[in-house]
Structures are given as structure tokens and as C-alpha cells.
Amino acid sequence: MKNLAVLFVLLFCSSSLYAQDDRFSDISQTKGKDVYVIDNSALNVAFTIVDGKVKPIQKVKNLSVSMAGKVYSVEKDEYTYKKDTYIVLKGSNETLLLKLADSPLYLSSFVSKTYWQDKYDSYRKDYVYLDFKKYPQVHSQNATVEYDDLSRIEWRGFDVSDNGATFYMCEYNGIYPLDNFKVTSSVFEHSKGIYFVKKDDIQPFVEKYNARIAKEKRDKEIADSITNCKLRLAIALREAKYMVDGREINVNKGDTLAVFSYDASEGEFVARFRVANLLFKPDDIEFLDTKTTITEGKYSWDKKTVKTSADAEYLKAKGSEGKEQRFFVAADFEEAQTKNWLDRLRAAIDDYNKEVAYKKKNQIFITGIGYVFDSNEYSHSYGLRFDVYNCFSKTIKYVEFTLTNYNGVGDVQRDDMGRSTRTVRGIGPIEPEDGGRYSWDDIFWDERGIIKDSKLTSVKFIFKDGTTRVFSGNANIRKHMSADAWD
């Protein structure tokens, strides 16, 4: 802590500003007061009591007393001994008597400490701030600063001298005072109201401080609002299913989520998706701003992969603060996303409905067909699979497929078991506008590789109500296949 002592010594003038106010013009003024004794001139006329008798100090053997630089309390009551009247001075170690009649010999060596005590008490009560911008010599960087230009000060006591008083002070850091500095009474009188500020005079400092705080608060609110209203997106890492108000919401892996809050009690992020607020555990999503850091260790198994996200940390830190702002941003984004999703869904439904209408109109009942070969390399059997679509208005109970073999020149061909035609039955039910798959591994056996094609020559539908419908001839049946039926 820088000390003002040297500076104040330079500023200090020998004539005290309070040369009259802290002195006594009459001995009666000293009664009940604390006095500071400048020198030992009073010892020449000082007395003490020995064995109940008043004796001059200088005549008392083995008694060495010095009054210079000491403070004595003058009792209000006088002491009378053999027609002489004395004032009584009580010090820390001795009691002295001085004749009232001798006051011209010692009164000028008294300085009123009581006067300075009153001054000190009033200053300590009123002047509680230091303008350290104007008086940086005594300011510590660790001091408690109030209202930008001011720091709190504590008065730590004072000393009296023949030139006035010296006040001891310190700046505060919290409840702990910093290094002391001292100020002479003359310098303090010149600098009060300039460097030392009364608590009743700090309004201009308060206004300036409040204006700065208000501006910083506004700037921070604007900056926070911009940051707070940033759109924070994450990707779903796995599928999830939610029930919200009786509505099922499916989240697919890779879906984009607008995250706007973090629920610390649940340890989950809150995202807006499909017009609902959904909870996601941190491991179930990955923010778009996620950065991956890989640290290598001494051994291969010491390698660590750490993923960090500024968006995730921000939401965790904010919690519910500003949640409403972020919700509106997330909701606006999600509303647009949901609209696009619904548009695509409607388009898909329209396409599906058109496809259904086409299949019903043209009675498309086979949407997939292909050969099925035995996986055993020593086996020469094969079969077929069929994807069946119910384009009718009735429930299909059974469906029978009749297959006929042909060789390379288009003639009917028997397999190695002597079979040129076989009928297989698939078991339903298949509801209208629904489908099913049927597959058989070994319908025919062709070790010699003579069979070129196995064609559908008949498809028979047996409905749940007992009615049937038969489609015959390969050319006719192909009209009831979808364009991409053969894989």
C-alpha cells in the first residue's frame, strides 16, 4: 500500500490550521478534557501526593516523570490542599497536580485532545469514501470499489501533536482492511470534499455509476437475447416413440430436433418435435456444433474420445432462464419442419391412394415375383416367391398358384421328377388393400438344366365368404402384375 506520509510532509505547513481551536485560553477550559502535553515545562510547577501531602515532583526522591508527548485526563473536580487549589491530571501511570495559580506557566503546553477526538468522531461518521481516481497514491488494486470512483475507508485512530492531529485510515477489501495510511489534519481539511467524500455527497457518483450499470445491463441483455434466441439443433441418434396427449410420435434416427431447454431434475434435454415437447437423454442426441477431441495415451487403450457442445453447455447453464424465448425460436423452426414433413406425407399418401386406385381398377394382385433356389450347392431344386396384394373388396382366405415349365424352344417341359405343372397354396387371410408374401423352396427339380422358365398359368383366389376368382393364362396374369414385379 502506498503511504501518503511523505506527500503530506511536503504539503504540511508549520502553522497549524487549528492553532487556536485546540488550545486553551483559560485553565477552566481544561476541566473534564483530555490534554496532550507538548513539552516538560509543566514539570517545574507540578506536584504529586506523597503520604497524603502535596509535594513538588522535583523534591520527591526516586521519582522520574516526563510529561512530553503524553495524554492526561483533567478531572472536573479541583483538589484543595492548605489553601491552594490544584487541577488533577491523571495519566496512564501517574497522577499529577498543577496549581491553578501557575496556569500561565504550563497552559500553553497543553493541546486539547478532546477537541481532536470530537473532530475525529465527526469525520469518521461523515467521510467514509475516498475518491481514488483523484488520489491514486493510496489506492490498492484489491480494495473494495463502490460507484466506480469511490472506495470505502475505515478510520483507524489518530495521534495528537503540537501541530494538530494525524489521522490513520485504510481502504477496505470486503471486511478485511488493507494497509494503513495517515493524513495530517491540515491536509485533510484542505482535501475533504475533494479526495475524501461525505456519504451525503455521493449522489453524483451514484448517478454516474447507475448510468454505467444500466448501459452495461442493456448491452448484456441485448447480447444475451441474441445468444439466447439462437436456434440450437441436434440429431436423434436412435429411434424413439412417445405418447403425447393420446397421440403417438415416432422419432427416427437422423431426425433433426430443435432443442430449447435442459431439465436438470430429469437430466434430459427438451426439444420441440412434431408440435410437442419431448425429452431426450444426452446420449440419445448429438448437437450440430459438437466437436470431437481424441487424446492419445501412452498405450493404445488410453486413447480417449471426448465430445463437447457449446450449445449443450449453454442450455445446461441457462436451465429454465430464458426458456420461453428459446421455445418460440424452436417452435417456429419446428413448425416449418413439420409443415414440410406433412407436405411430404400428404404427397406420399396421395401417391399411395393413386397406386391403390390403379391396382383396384386394373386388379393388380402380384407386386413381386422371383425364383428361389436351394442354398445347397448339391441340390437342383428351385421354387418361387410371390408378393400378393389384395386389390379386391373381400378378404382372401387362400390363394393358389399354378406353375407350368417350359424349355428353351417354348415347349412344355417336365422336371426330373416328371412334373410339368404344379399348384401351390398360400394361406391367408389378406385383408383388402393389404398384402402378403408366399415362398416355396423346392417346387421343381431340374438337375439337367433343361427348364428355361416356370410360368404362372393360373391364379385362384378363394375368399373368406366362400366365393372364388380365377385368372388363367400367363399373358392374362401378367396384366395383373405391377411393372416392377420381377426383381
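Residues numbered from 1 in each chain as written. Predicted model: local features only at pLDDT ≥ 70, side-chain atom pairs only at ≥ 80, totals over all residues. Heavy atoms only, no water.

**Brief notes about the sheet that holds strand β31 (residues 468-472)**
Then comes step 1: Reading across the sheet, the four strands line up as β27-β26-β30-β31 and stay open at both edges, with antiparallel pairing between neighbours. Single-partner strands in this sheet number two, and they are β27 (421-430) and β31. Pairs of neighbouring strands in the sheet enclose a mean axial angle of 20 degrees, with direction left out of account.
Then comes step 2: In the sheet, strand β26 (residues 396-406) pairs with strand β30 (residues 453-463) via ten bridges, with the strands oriented antiparallel. When the sheet's bridge partners are listed, Asn405 is paired in β30 with Ser454. (Pairing = 2+ DSSP bridges. Helix = DSSP H or I, 4+ residues; strand = E, 2+ residues; numbered from the N terminus. Axes fitted to C-alpha atoms, helices over the stretch in contact; angles between N-to-C directions.)

**Details of the packing of aromatic side chains**
Then comes step 1: Under the definition given, this model contains 42 aromatic pairs.
Then comes step 2: An angle of 75 degrees between the planes, with centres 4.9 Å apart, marks the rings of Phe365 and Phe461 as edge-to-face. Taken together, the residues Phe365 in the loop between α7 (323-362) and β24 (366-373) and Phe461 in strand β30 connect sequence positions 96 residues apart.
Then comes step 3: Residue classification places Phe365 among the buried residues on the basis of a relative accessible area of 0%.
Then comes step 4: A relative accessible area of 0% places Phe461 in the buried class.
Then comes step 5: These aromatic residues form a ring-pair network of at least three members: Tyr115, Trp116, Tyr120, Tyr123, Tyr127, Trp155, Phe158, Phe167, Phe188 and Phe196.
Then comes step 6: The positively charged end of Arg274 is found above the aromatic ring belonging to Trp341, 3.9 Å away from the centroid. (Phe/Tyr/Trp six-rings, centres within 6.5 Å; stacked < 30°, edge-to-face > 60°. Buried < 20%, exposed > 50% of the residue type's maximum accessible area, 1.4 Å probe, protein only. Lys NZ or Arg CZ within 6 Å of the ring centre and 35° of its normal.)

**Let's talk about the pattern of salt bridges**
For side chains bearing opposite charge, pairing can occur when the charged atoms are close.
Then comes step 1: Applying the stated criterion across every chain yields a total of 31 salt bridges.
Then comes step 2: Measuring nitrogen to oxygen at the nearest pair gives 3.4 Å for the salt bridge that ties Lys281 to Glu268. Of this pair, Lys281 sits in the loop between β20 (277-280) and β21 (285-287) while Glu268 is found in strand β19 (residues 268-272), placing the two residues 13 residues apart along the sequence.
Then comes step 3: Lys281 gets classed as partly exposed once you look at its relative accessible area, which sits at 45%.
Then comes step 4: Residue classification places Glu268 among the buried residues on the basis of a relative accessible area of 11%.
Then comes step 5: Residues Lys360 and Glu433 are paired through a salt bridge, measuring 2.6 Å at the closest nitrogen-oxygen approach. Here Lys360, found in helix α7, pairs with Glu433, found in the loop between β27 and β28 (435-439); they are 73 residues apart in sequence, far enough to count as distant.
Then comes step 6: For Lys360, a relative accessible area of 38% translates into the label partly exposed.
Then comes step 7: Given the relative accessible area of 34%, Glu433 is considered partly exposed. (Salt bridge = Lys/Arg side-chain N within 4 Å of Asp/Glu carboxyl O.)

**Structural notes on the environment of Leu150**
Then comes step 1: Along the chain, the position of Leu150 falls in strand β11 (residues 150-161).
Then comes step 2: It is 44 Å that separates the C-alpha atoms of Leu150 and Asn40, two residues lying 110 residues apart in sequence.
Then comes step 3: Excluding anything up to four places from it in sequence, Leu150 contacts Tyr129, Leu130, Asp131, Phe132, Thr144, Val145, Val197, Ile202 and Phe205. (Contact = heavy atoms within 4.5 Å.)

**Focus: the sheet that holds strand β18 (residues 256-263)**
Then comes step 1: Strand order across the open sheet formed by five strands is β20-β19-β18-β15-β21, with antiparallel pairing between neighbours. One side of each edge strand has no neighbouring strand; the edge strands of this open sheet are β20 and β21. Across the sheet, the mean angle from the axis of one strand to that of its neighbour is 45 degrees, orientation sign disregarded.
Then comes step 2: Two elements, β19 and β20, share four bridges in a ladder whose sense is antiparallel. Each residue of the ladder has a partner; that of Arg272, found in β20, is Asn277.

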